[in-house]
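Coordinate analysis (summary)
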Amino acid sequence: MKIYKFNGLLLLTFLLLFIAACAIQRADPEKYFNVKEYHKALLLYKDAFVKEKAGQEQAKLAFRIAQCYKYQAEYKSSLQWFKIAYEKGYGFKALEELAFGLKQQEDYQEAIQAFKKLENEVKTKNQYRKEVSICKLAEAWKVENPLFYYNVTNHQDINSEFSDFSGSYDAKGNIYFSSDRIGSTGKEIYAWTGRLHTDLYRWNVVDRTIDNLSILNSKSHEGAPSLAILKKKIYFTHCSKNNTNDAYCQIFESTITNDEIGEPTQLDLFCDECNNMQAAIHKSDSILVFSSDRNKAQGKFDLFISFKVNDEWSEPKSLPDNINSDGNESFPTWYNDTLYFSSDGHVGMGGLDIFKTYSIGNGKWSNPQNLKYPINSGADDFGFVVDPNFYSSEDQRLKGVITSNRNFENKDDLFDFVLLKNDQLKKELPSKFTFKANIQFQFMEFDSKSTVSSNSKSLDSVSINSSSIPFALNTKAKSSINLELATEQVMKFTFSKTNYLNTSFEIRIELPEKLTSDSVLTIQQVILMTPIEKGKEYLLNNVYYDFDKSELRDESFASLDYLVNLLKANDKIKLEIRSYTDCRGEEDYNLQLSQRRAQSVVDYIVSQGIDLSRLFSKGNGESQPVTTCICEQCTDDEHQQNRRTTFLII
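Please read all numbers here as calculations on a predicted model, not as lab measurements.

Let's shift gears to the state of the cysteines. According to the stated counting rule, one finds four disulfides in the structure shown. The disulfide partner of cysteine 629 is cysteine 634, and the S-S distance across this bridge is 1.7 Å. On the sign convention where negative is left-handed, the bridge of cysteine 629 and cysteine 634, at about 105° about the S-S bond, is right-handed. You can call cysteine 634 buried: its relative accessible area is 11%. The disulfide pattern of the protein is 1-2, 3-4, 5-7, 6-8 when the bonded cysteines are numbered in sequence order.

Next comes the structure, spelled out in structure tokens:
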């Protein structure tokens, strides 16, 4: 019989390994899950799942495994495990996660079916009905044919098998970015992801090399760089534990002199025990927008703005509710005076989508516009940054980088984008003749007594936004503007001005079948803008009823469509619809008739997709006539003037 001898050190090693293995088997995965160490928790949950017999406990473990994958951005694996959890009887929550996971994968038809199942399982159905509509909208975005389109390609010089994200350009065109690739300063594994901590890197546009910005990096996380090119500064996020043993992220700045980066210092943003991250520095180096969880429960983030006054940053203020949603707003960036950011709370294609907005004064911002496909996808899309060295031309309008995990195989990657003119919109026209369509918008105030433009005041400084044009425009000192229209597509414009309600306008231009010469179609369109004056009564011209009738006549719908567009462009306002009769008939009868007429207006507006909760009807009968003639002597025209409909902003 052979006898094996072990020395003391070897025996001790085996004992320690055995004890460690037993400790892992006995460890509670919930402990790791609750402190966000998802990589450790995942291993333990999967081990428990294999050992657990089929039943409710196994369904719970499958759900936890799916959550761990989700929080590590392993969305394909997450989706598979949510499906397993649902099939094993975990119930409603697994189905909800499955539905949103399918949406992220851009499997919109399957997602729609899952959301419809959810409708049948809950009493409050509106959320899931809305998601069905959003999935259909996202599908439509993928096949749109806009005047300008984005070409998006993988930036292979930078991307690795690890996460590479949040690019930012310097004046030379070098790209600063974040990554958890091998070579990071911190050598410890981050228990959340099972990978290294993130560092800041710089990609050199000339020799295409990548350098670790070691002076900015620590053993913890650094990321989301933002460069103030004119002031030669870099702002970035640093995350580490403070004296409370909680890990918080804060924003730091450092100067750049001849490509040499100075020692970083932390910005005082009035909240050390919250997360302040993802700085977006305006080109003036005096306006900072960033993401913070200081006002939100459940770890969700809003956007905040701070201004530099005498080299000190002012106390940050939250951006308004039309920007900050119930979800997360993050990764803001500036291009000139347009603010780009990502959100999973606004209508989007799946995960984080990129939106754009701009200040309209007095602390107000324009409603965010989704950049749509292919800038956005079902996955997480963020970090829209424009190359400052790019000069636009007639055919190319923007160039830059975004971050996305849309491939779902790797982690986050950087993608190049170019905004190009869509030549495919041009139809084959006979011979060499061309066709152009121009529109002249003229802006006037909606008069409280008449909608006729000649009676209205001209308006200047109107901002114009459209998904069909790359940037927001402004008329400045002029009250009109000329724009070229695309053909064969719907172009929608939104107009905004301080102290006025937003107004929208849609148009579609069809190409003529035959051209015998070069042709230019010029359209003049008056845009009426309503001043924000609560309690002021505005007349709806050309809303007519026959004598003793409450049904709307056909010529009424143009004016009512104005109200529909007004409500769609201003989703926070509510209106009271008032209706009046002429003096003929009994007073009580006229009161009832006017109420029916006001209600018929409300019914029409609701039929066009406006929520009933935003509308109120009130019949005022023959009271408050605008023409005070003796009833028996009033002409038909005078009776018609009194038989009117108005609205108030309430």
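From this point, the narrative continues.
Attention now moves to the sheet that holds strand S3 (residues 175–179). In space, the four strands of this open sheet follow the order S2-S3-S6-S7, with antiparallel pairing throughout. Strands at the two margins of the open sheet, each flanked by one partner only, are strand S2 (164–169) and strand S7 (210–212). Taking each pair of neighbouring strands and ignoring which way they run, the sheet shows an average axis angle of 30°. Bridge count for S2 against S3 is four bridges, and the pairing is antiparallel.

Here the focus is the pairing of strand S31 (residues 503–508). Pairing geometry for strand S30 (residues 490–496) and S31, over six bridges, is antiparallel. If you follow phenylalanine 493 over to S31, its bridge partner there is phenylalanine 505. Where S30 folds back onto S31 in an antiparallel hairpin, the turn is made up of six residues, including asparagine 499, whose phi is positive at roughly 70°.

All right, on to the pattern of salt bridges then. For the structure on display, the rule yields 28 salt bridges. Two residues, lysine 411 and glutamate 74, come together in a salt bridge whose shortest N-O distance is 2.1 Å. Of this pair, lysine 411 sits in the loop between strand S24 (396–404) and strand S25 (413–421) while glutamate 74 sits in the loop between helix H4 (56–71) and helix H5 (75–87); the two residues are 337 residues apart in sequence, bridging distant segments of the chain. By relative accessible area, which is 15% here, lysine 411 ends up buried. Two residues, glutamate 253 and lysine 233, come together in a salt bridge whose shortest N-O distance is 3.8 Å.

Our focus in this paragraph is the sheet that holds strand S36 (residues 645–649). Spatially, the four strands line up as an open sheet ordered S33-S36-S34-S35, and their pairing is mixed. Two strands bound the open sheet, and with one partner strand each, they are strand S33 (537–539) and strand S35 (615–619). Mean inter-strand twist for the sheet, computed between neighbouring axes without regard to direction, equals 30°. Relative to S36, S33 is paired through three bridges, and the arrangement is antiparallel.

Applying the stated criterion across every chain, the model contains 33 aromatic pairs. Judged by centre distance (5.0 Å) and plane angle (85°), the ring pair of phenylalanine 49 and tryptophan 81 falls under edge-to-face. On the criterion of sequence distance, the pair formed by phenylalanine 49 in helix H3 (residues 38–51) and tryptophan 81 in helix H5 is long-range, its members being 32 residues apart. Of the two residues examined, phenylalanine 49 and tryptophan 81, each falls in the buried class. Put simply, the rings of Phe33, Tyr38, Tyr45, Tyr71, Tyr190 and Trp192 pair up and form one aromatic cluster. Here the basic side chain of arginine 406 rests over the ring of phenylalanine 415, its NZ or CZ set 5.4 Å away from the ring centre. One cation-aromatic arrangement involves arginine 644 over tyrosine 580; the distance from NZ or CZ to the ring centre is 3.8 Å.

Judged by nonpolar contacts, the single largest core of 39 residues is most densely connected at Phe384, Phe441, Phe443, Phe493 and Phe495. In contact with phenylalanine 384, other than residues within four places in its own chain, are Tyr150, Thr333, Tyr340, Ile354, Leu371, Ile375, Leu398, Val401, Ile402 and Phe417. Ranked by size, the runner-up nonpolar core spans 27 residues in total, among them Tyr538, Val543, Leu567 and Tyr604.

Below, the discussion takes up the side chain of glutamine 250. Its place among the elements puts glutamine 250 in strand S10 (residues 247–257). A distance of 3.1 Å separates a polar side-chain atom of glutamine 250 from the backbone oxygen of aspartate 272.

Here we come to the environment of aspartate 302. Positionally, aspartate 302 belongs in strand S15 (residues 302–309). The buried category is assigned to aspartate 302, whose relative accessible area is 8%. Sequence separation between aspartate 302 and tyrosine 69 is 233 residues, and the spatial gap between their C-alpha atoms is 25 Å. Setting aside residues no more than four positions away along its own chain, aspartate 302 makes contact with Phe290, Ser291, Ser292, Lys296, Ser318, Asn324, Ser325 and Glu329.

Our focus in this paragraph is unusual backbone geometry. Following tyrosine 373, the chain continues into proline 374 via a peptide bond in cis, with omega recorded as 5°. Considering the arrangement of structural elements, one finds proline 374 in the loop between strand S22 (369–370) and strand S23 (381–386). The backbone phi angle of asparagine 336 is positive, close to 55°, even though this residue is not glycine. By secondary structure assignment, the location of asparagine 336 is in the loop between strand S18 (329–335) and strand S19 (338–343). Assessed through its relative accessible area of 38%, asparagine 336 is described here as partly exposed. The phi dihedral of serine 461 falls on the positive side, at around 55°, and the residue is not glycine. With respect to the helices and strands, the residue serine 461 is situated in the loop between strand S26 (435–445) and strand S27 (463–465).

Its 21 residues place the ends of helix H10 (residues 587–607) 30 Å apart at the C-alpha level, agreeing with the 30 Å of an ideal helix rising 1.5 Å per residue. As for H10, its buried residues are in contact with helix H9 (557–569), strand S34 (575–579), S35 and S36. Just downstream of H10 lies glycine 609, where phi reads positive at about 100°.

In this section: the environment of lysine 70. Counting through the fold element by element, lysine 70 comes out in helix H4. The partly exposed category is assigned to lysine 70, whose relative accessible area is 29%. On a C-alpha basis, the gap between lysine 70 and cysteine 239 in space is 21 Å, while along the polypeptide they are 169 residues apart. If sequence neighbours within four positions are ignored, lysine 70 has contacts with Tyr75, Ser78, Phe82 and Glu97.

This paragraph deals with the side chain of lysine 497. Looking at the secondary structure, you find lysine 497 in the loop between S30 and S31. Every residue in contact with lysine 497, bar those within four places of it in the chain, is listed here: Leu459, Asp460, Ser461, Val462 and Met529.

Here we come to a negative patch on the surface. A cluster of acidic residues, Asp268, Asp272, Glu273, Asp311 and Glu312, forms a negative patch at the surface. Looking at the secondary structure, you find aspartate 268 in the loop between strand S12 (265–266) and strand S13 (276–281).

To continue, consider the packing of H3 against H4. Interhelical geometry of H3 versus H4 gives an angle of 155° and a closest axis separation of 9 Å. In terms of axis orientation, H3 runs roughly antiparallel to H4. With respect to the hand of their crossing, H3 and H4 are arranged in left-handed fashion. Two secondary-structure elements touch here, H3 through Tyr38, Ala41, Leu42, Tyr45, Lys46, Ala48 and Phe49 and H4 through Gln58, Leu61, Ala62, Arg64, Ile65, Cys68, Tyr69 and Tyr71.

Criteria and cut-off values
- Residues numbered from 1 in each chain as written.
- Predicted model: local features only at pLDDT ≥ 70, side-chain atom pairs only at ≥ 80, totals over all residues.
- Heavy atoms only, no water.
- Disulfide = S-S within 2.5 Å.
- Buried < 20%, exposed > 50% of the residue type's maximum accessible area, 1.4 Å probe, protein only.
- Pairing = 2+ DSSP bridges.
- Helix = DSSP H or I, 4+ residues; strand = E, 2+ residues; numbered from the N terminus.
- Axes fitted to C-alpha atoms, helices over the stretch in contact; angles between N-to-C directions.
- Salt bridge = Lys/Arg side-chain N within 4 Å of Asp/Glu carboxyl O.
- Phe/Tyr/Trp six-rings, centres within 6.5 Å; stacked < 30°, edge-to-face > 60°.
- Lys NZ or Arg CZ within 6 Å of the ring centre and 35° of its normal.
- Core = buried A, V, L, I, M, F, W, Y, C linked by side-chain atoms within 4.5 Å.
- Contact = heavy atoms within 4.5 Å.
- Polar contact = N/O pair within 3.5 Å; in protein donor to acceptor, adjacent residues only side chain to side chain.
- Expected span 1.5 Å × (residues − 1).
- Patch = residues over 30% accessible without salt bridge, like charges linked within 9 Å, V, L, I, M, F, W, Y side chains within 5 Å.
- Areas by Shrake-Rupley, 256 points an atom, 1.4 Å probe, with all protein chains shown as cover.
- Lys, Arg positive; Asp, Glu negative; His and termini not counted.
- Charge placed at Lys NZ, Arg CZ, Asp CG, Glu CD.
- Parallel < 35°, antiparallel > 145°, perpendicular 65-115°, else oblique.
- Left-handed = near helix turned anticlockwise from the far one by under 90°.

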